Amino acid sequence: MDLIKFLYKQVKNNVKEDILEKSKFDKKSKKDKKIKKQNNIEKSDTNYKLDTELIKTEKKTVSIKEKITSTEDKSDIDKYINMDKDVLSSSELVNLKEVLINNMDKTEHTNNIDKIFNEYFDNEDIIESSFNDISTKFLDIINQIELDDISLPSKEFDVIFTGGGLKGYYNFGACEILKKLVQNDKAKIRNYVGVSVGAYVAVFLLLGISIHRVRNVYEFARCNSNKHDLNKIMLKACDNLLPNNIHELCNGKLKILVSELTIKGMVPVIIDNFQSKEHLIKVLHATSFIPFITSTESKGIEINGKKYYDGAFTNNIPISLNNDLPQLVFYTGNVEYSKDYMFKILDNCPELLILRGAIEMEKFVKKLYRSDIGKINKVKDIPIEWITADTNQKKISKKNSEEYQKYILNILLLVSLIVSSISSVFTINFGSIFKDINFKTIKSKTTKSKTTKSKTTKSKTTKSKTTKTKKN
C-alpha cells in the first residue's frame, strides 16, 4: 500500500509539473502575441507560404521541385530534394528559405501559364515539322526576291507592329524581307515594338523563326480551334518554339504594350524587362487578351498583382513623337482581309496573305509603289509607313485615331458575331424576336392610325350634320 501511495504521489507531482509547464508556455505565447501586435509585425503572404512549407518539411520528406516550377540554376535546390527534415541543420534551413525566396518571383508567373502548357493539344508535333508540299515551295519564292535597289531613310531604325488579329500573318511575310535586309547588312533594327498580335510578330522576327514554322502554327491552330481558344493555342505554340533563354535575348530590344486596368480606367503600359520565359509568354498573353473573343475568359491577365488586357484598347500605334531614329510602322488593322478570318481559323490558304505581305514590303523598300497613283485609281495604300522627325504630329495623331476607330469597329462586329453565336447555342432566334417586336410595334402603330382615322371621319360627319341642321 505504501508503494502504491508513493507512485500515486509521483504521478500527481509529474502531472502538476506538466500543467505548470503548459501554463507557463501558454503565458509566454500570449505575451509573444501581444508583443507582436504592439510592434505591428505582420507576415506577408509569401513569408507565410514559406513558413508553412518549412513546417511541412519537419514531418515528411520534401520535394522542392514540386513547389518550384521554373528555375534557371537548380544546383542549390538539388541538395534538398528527397531529404528528411530532421537531418537538416538550422543553417541549411536558412539556405532552403533563401532558395525558395529567390524562386518565388519566377513561380508567380507560372500560376496559370503552366496549366495551359499541361493541357492536351492535338498534332503538337506539326509546329516543328517540315513538309515537301506546294505550300512550302510557294513560300520558298520569298527567298528568291533580290533586294539590291532599296531605299531606306536610315540603316538603323525601330520597328512597330500594331494589332489586328490574324491579319498579323501579313506582317510575317513582310518580316521575311526585313530578315534578308538584316542578313545582308543593309539594315539594323534597334527596338522591336509590338501591340497585341504585333508582339508575337516582333518576338518571331527578333528570333528569326522561319516562315514555314509560322505557317505550321496556323495549321496547329486549325487542328485545335474546336477545343481551345486562340490565345491558348498561340501560347502553346510559343512554348514549343521559343528557347528557355528568350527573356535574356529580348531584354533591352523588345517592348510590348499592354493595357493596365486601374481605378481611373485602362492605361497604356510598356513592358520591356522580362524575368523568365514564362513571364514573357504571360505578357504576350496579356497584350492579346480580349475577353470572349481571343479568350473564353473574362478576367484580365494578372502579372505581379496587376490586371492587363489587349494593348490595342489604349494605344494600337505606340509611335514615339521624339524618337532619334526613324520608325517603320506596320498598320496591321489596315490590311485588306476578311473580317470573318480576323479572330477565327477559317482561312484555307493563309500562305496568300503571307506572300502578299512579302510582295508589298518589297515594293515599299524599293519605292515601286506610289501612293499618289493609288489615290487616283482608288486603290488602298500599302499598310506600311516610315515615321521620321519630319513627319507632322497632326498626321500621326490622325492616323492613330483612325486606326483606333477601325479597331473599335472590328470589336463591335465581333460582339455582334458573339451575340449570334450565343443565340445559336441557346436556340434563341434573336432575329425572329426583333421581327416580332417590329411587327407588334408596326401593328400597334397601324391600329392606332386606324383608330385616329376613324375618329377623324366621325368628327367630320358630326360637323357636316351640324352644318346641315344649321342651314335648315
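## Details of the packing of aromatic side chains
Enumeration according to the criterion identifies nine aromatic pairs in this entry. Note on Phe121 and Phe220: the rings are 5.9 Å apart at their centroids and 35° apart in plane angle, and the pair reads as tilted. Of this pair, Phe121 sits in the loop between helix H6 (113–118) and helix H7 (134–140) while Phe220 sits in helix H10 (residues 211–224); the two residues are 99 residues apart in sequence, bridging distant segments of the chain. By relative accessible area, which is 0% here, Phe220 ends up buried. By way of ring pairs, the aromatic residues Tyr169, Phe172, Phe204 and Tyr218 are connected into one cluster.

## With respect to the pairing of strand E6 (residues 306–309)
Look at any regular strand and the pattern is simple: side chains alternate between the two faces of the sheet. With two bridges connecting them, strand E3 (residues 254–262) and E6 associate as antiparallel partners. Bridged to Ser259 within E6 is Tyr309. Taken together, the three bridges between strand E5 (residues 301–303) and E6 define a ladder with antiparallel strand orientation. Its bridge partner being in E6, Ile303 is matched across the sheet by Lys306. Count of turn residues in the E5/E6 antiparallel hairpin: two residues, of which Asn304 carries a positive phi of about 55°.

## Some points on the pairing of E3
Relative to E3, strand E2 (residues 188–195) runs parallel, the two sharing four bridges. Looking across to E3, one finds that Val195 is bridged to Leu257. Sheet topology places E3 next to strand E4 (residues 265–271); seven bridges connect them, and they run antiparallel. Following the sheet pairing, Leu257 is matched in E4 by Ile270.

## Examining the environment of Ile270
With respect to the helices and strands, the residue Ile270 is situated in strand E4. C-alpha separation for the pair Ile270 and Val193, spaced 77 residues apart in sequence, amounts to 9.2 Å. Setting aside chain neighbours within four positions, we find Ile270 in contact with Lys255, Ile256 and Leu257.

## Focus: the confidence of the model for the protein chain
Residues at a pLDDT of 70 or more form 56% of the protein chain, whose mean pLDDT is 74. Per-element averaging of pLDDT across the protein chain places helix H3 (residues 64–67) at the bottom with 43 and E2 at the top with 97. The low-confidence segment residues 54–90, where pLDDT is below 50, has 50 contacts with residues more than four positions distant or belonging to other chains. Across residues 373–379 the pLDDT falls below 50, and counting only partners more than four positions away or on other chains, this stretch makes four contacts in the model.

## Description of H10
Taking 1.5 Å as the rise per residue, H10 with 14 residues should run 20 Å; its terminal C-alpha atoms sit 20 Å apart, in good agreement. Along H10, the residues that are buried comprise Ile211, His212, Val214, Arg215, Asn216, Val217, Tyr218, Phe220, Ala221 and Asn224. Looking at the buried positions of H10, the neighbouring elements they touch are H7, helix H8 (168–183), helix H9 (197–207), helix H11 (230–241) and helix H14 (351–365).

## Observations concerning empty space enclosed by the protein
By the definition in use, this model includes four cavities of 30 Å³ or more. Taken as a whole, the largest cavity spans an internal volume of roughly 170 Å³. Around the largest cavity, the lining comprises 16 residues; the ones closest to its centre are Gly165, Val197, Tyr200, Leu230 and Ser288. For the lining of the largest cavity, the elements supplying multiple residues, two or more each, are H8, H9 and H11. Taken together, the residues of the lining of the largest cavity break down into nine nonpolar, six polar and one charged. If you trace the second largest cavity, you find it lined by Phe172, Cys175, Glu176, Lys179, Val201, Phe204, Leu205, Ile209, Ile211 and Val214.

## Quick notes on the pattern of salt bridges
Tallying each qualifying case throughout the model produces 12 salt bridges. Between Asp122 and Lys227 there is a salt bridge, with its nearest N and O atoms 2.8 Å apart. On the criterion of sequence distance, the pair formed by Asp122 in the loop between H6 and H7 and Lys227 in the loop between H10 and H11 is long-range, its members being 105 residues apart. Residue class for Lys227 comes out exposed when judged on its relative accessible area of 52%. Arg190 is the partner of Asp158 in a salt bridge, and the nearest nitrogen-oxygen pair spans 2.9 Å.

Here is what the cut-offs are and how they apply
- Residues numbered from 1 in each chain as written.
- Predicted model: local features only at pLDDT ≥ 70, side-chain atom pairs only at ≥ 80, totals over all residues.
- Heavy atoms only, no water.
- Phe/Tyr/Trp six-rings, centres within 6.5 Å; stacked < 30°, edge-to-face > 60°.
- Helix = DSSP H or I, 4+ residues; strand = E, 2+ residues; numbered from the N terminus.
- Buried < 20%, exposed > 50% of the residue type's maximum accessible area, 1.4 Å probe, protein only.
- Pairing = 2+ DSSP bridges.
- Contact = heavy atoms within 4.5 Å.
- pLDDT = per-residue confidence, 0-100.
- Expected span 1.5 Å × (residues − 1).
- 1 Å grid on protein atoms, 1.4 Å probe; cavity = no way out; pocket = protein on both sides within 12 Å on 5 of 7 lines; lining within 4 Å.
- Points joined across faces, edges and corners; volume = space filled by probe spheres on them.
- Nonpolar A, V, L, I, M, F, W, Y, C, P; charged D, E, K, R; others polar.
- Salt bridge = Lys/Arg side-chain N within 4 Å of Asp/Glu carboxyl O.

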